[in-house]
Amino acid sequence: MESLSPAIGSNPIRPTTTISGENELLISSIKSIKLPPVARRKMRMRVAAQSSNFVVPDNIDFSDPDWKVKYEREFEARFNIPHITDVFPDAVSYPSTFCLKMRTPVTEDFAQGYPSDEEWHGYINNNDRVLLKTINYSSPTSAGAECIDPDCTWVEQWVHRAGPREKIYFKPEEVKAAIITCGGLCPGLNDVIRQIVITLEIYGVKQIVGIPFGYRGFSNNDLAEMPLSRKVVQNVHLSGGSLLGVSRGGPKVSDIVDSIQERGINMLFVIGGNGTHAGANAIHDECRRRRMQVAVVGVPKTIDNDIMLMDKTFGFDTAVEEAQRAINSAYIEAHSAYHGIGIVKLMGRSSGFIAMHASLASGQIDICLIPEVPFNLHGPHGVLQHLKYLLETKGSAVICVAEGAGQDFLEKTNAKDASGNAVLGDIGVHIQQQIKKYFKEIGVTTDVKYIDPTYMIRACRANASDGILCTVLGQNAVHGAFAGYSGITVGICNTHYVYFPIPEVIAQPKVVDPNSRMWHRCLTSTGQPDFL
């Protein structure tokens, strides 16, 4: 096995062809052309490829009248979540020890040492599903449309509902559960740790440990396991950071699994982002290859909200809320100065969700710059020209920029961090310097203030919204492990909590769609023009 660092730094992209264009008039005109049905459909496909906004999965023959049924079956197979019985068909199941109706402690008085068969309608059926997408777009040119074919045909895509099952595949008294937190800090880490521990104890687990400093804790003999219990984690959510510490990178996957085997761990809860989940999936695969009965379950952590298929990830709401302080300070500085300009740089390596939502929430931003939308600084339609207009008409201006925006303006270093991510240049400092230089050259006095609240936002305590999200994610992670699932992550989809197979959520980062209604709302709020 290779080192974990490449595994957690890679983004295996599912083969698709992204298509965008001008309008849909040509598509409708094809109806008037006299062609065989198959040829007409292929022509519509080609024209749509130039005139619409949709994603065409590879290996789909749209001339096949049954393509939709076949696609739905393929989707169901892709999103089928791995289960312990895939490797151990004779795995024994037990009545669940999680029953909120019957709170008597587990004793041998019950059959097999587990709760009675008292009926409780609180379990999730394994066949319960949640609809992944709920909008039936009538046209590929609809704002934010996600279409599979040129006709924007409605295709049902169902994913597994999360929650406690009536049957479990681990005896709680035999479980040793481990928790790790990887990557950077994020509001809510302690909340998730706390809920995993509390839920494990409700199931009856006695051996719960934390692995310090992410995957590194599996190989560093100087880092001892941290025993965890409800008493230990009771108040950890009241502060930011991670009780277990965080780090990037780590040892080889084979070494990690060796350590898991030596320690007798049979449940591993991995809290982290795309890279961390890639590592978790590699660990899951290696455990399966060795026929180890280990459940590996991820909890998606990215403050940037850039994990595919999920409504949002924990820490994001807190980041947007805390960003308001920085934006308001920049606004006051700019508004109080003669020709004042405030610049706030927020997190967002490859996606501008924080910058976009913070700009919308504040109502004080004049220019929002994100990685997904190219822009020019100079020229008649550039950011600097618009700033000049704002100073002439408003007297001040406030800019919000995501850290990954405008990287083409900066010198490339090819440096990478321990997770394999490219080390970004500071776009905020660059914009500050360019603003000062530009206005000095045209003889206009300005007062430019630059604020970077990144580490203040990352280290703060989760707000109420994120606290609830963390609580439910942590609980459902434990439910998934006891239900016998592995190689999965838990998320929120269309307001419901679901289980995804890890490969599907790490295929590529989620990004802001420049044609989405939310980005259009942001543009309406800021009033900014197209900077190209």
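Residues numbered from 1 in each chain as written. Predicted model: local features only at pLDDT ≥ 70, side-chain atom pairs only at ≥ 80, totals over all residues. Heavy atoms only, no water.

An unreviewed UniProt entry annotates the protein as ATP-dependent 6-phosphofructokinase of Solanum pennellii. Here is the UniProt Subcellular location (unreviewed entry) comment for the protein, exactly as written: "Cytoplasm". Turning to the protein, the UniProt annotation filed under Sequence similarities (unreviewed entry) states: "Belongs to the phosphofructokinase type A (PFKA) family. PPi-dependent PFK group II subfamily. Atypical ATP-dependent clade 'X' sub-subfamily." (UniProt positions renumbered as here; feature names shortened; annotations may be inferred.)

Asks: Please provide a residue-by-residue account of the pattern of salt bridges, values included.
Replies: Throughout the structure, instances matching the rule amount to 17 salt bridges. Across the pair K176 and E225 runs a salt bridge, and its minimum N-O distance is 3.2 Å. Here K176, found in strand 7 (residues 176-181), pairs with E225, found in the loop between strand 8 (207-210) and strand 9 (226-227); they are 49 residues apart in sequence, far enough to count as distant. For K176, a relative accessible area of 11% translates into the label buried. The exposure class of E225 is partly exposed, given its relative accessible area of 26%. Here the salt bridges do not stand alone but share partners, grouping D258, E286, R289 and R290 into one network. (Salt bridge = Lys/Arg side-chain N within 4 Å of Asp/Glu carboxyl O. Helix = DSSP H or I, 4+ residues; strand = E, 2+ residues; numbered from the N terminus. Buried < 20%, exposed > 50% of the residue type's maximum accessible area, 1.4 Å probe, protein only.)

Asks: A description of helix 10 (residues 316-336) should follow, citing residues and the corresponding values.
Replies: Along its 21 residues, helix 10 runs 30 Å from first to last C-alpha, staying within 8% of the 30 Å computed at 1.5 Å per residue. Summarising the contacts, the buried residues of helix 10 are in contact with strand 12 (340-346), helix 11 (353-362), strand 14 (397-402), strand 15 (447-451), helix 14 (454-458) and helix 15 (464-482). (Expected span 1.5 Å × (residues − 1). Contact = heavy atoms within 4.5 Å.)

Asks: Could you give an account of the packing of helix 11 against helix 17 (residues 517-526), naming the residues involved and the relevant values?
Replies: Viewed as axis vectors pointing N to C, helix 11 and helix 17 meet at an angle of 45 degrees, and their least axial separation amounts to 9 Å. When the axes of helix 11 and helix 17 are compared, the pair comes out oblique. Remark: the crossing between helix 11 and helix 17 carries left-handed chirality. Together, M356, H357, S359 and L360 of helix 11 and M518, W519, R521, C522 and S525 of helix 17 make up the contact between the two elements. Tallied by class, residues from the contact of helix 11 with helix 17 come to 5 nonpolar, 3 polar and 1 charged. (Axes fitted to C-alpha atoms, helices over the stretch in contact; angles between N-to-C directions. Parallel < 35°, antiparallel > 145°, perpendicular 65-115°, else oblique. Left-handed = near helix turned anticlockwise from the far one by under 90°. Nonpolar A, V, L, I, M, F, W, Y, C, P; charged D, E, K, R; others polar.)

Asks: Got a sec to walk through the state of the cysteines? Specific residues and values, please.
Replies: Under the counting rule described, the total for this entry stands at 1 disulfide. Between C147 and C152 runs a disulfide, and the two sulfur atoms are separated by 1.7 Å. Its S-S torsion of about -40 degrees marks the bond between C147 and C152 as left-handed, since a negative value means left-handed. Assessed through its relative accessible area of 3%, C147 is described here as buried. The thiol of C186 is unpaired, and the distance to the nearest cysteine sulfur, on C470, comes to 7.4 Å. Judged by relative accessible area, which is 0%, C470 ranks as buried. (Disulfide = S-S within 2.5 Å.)

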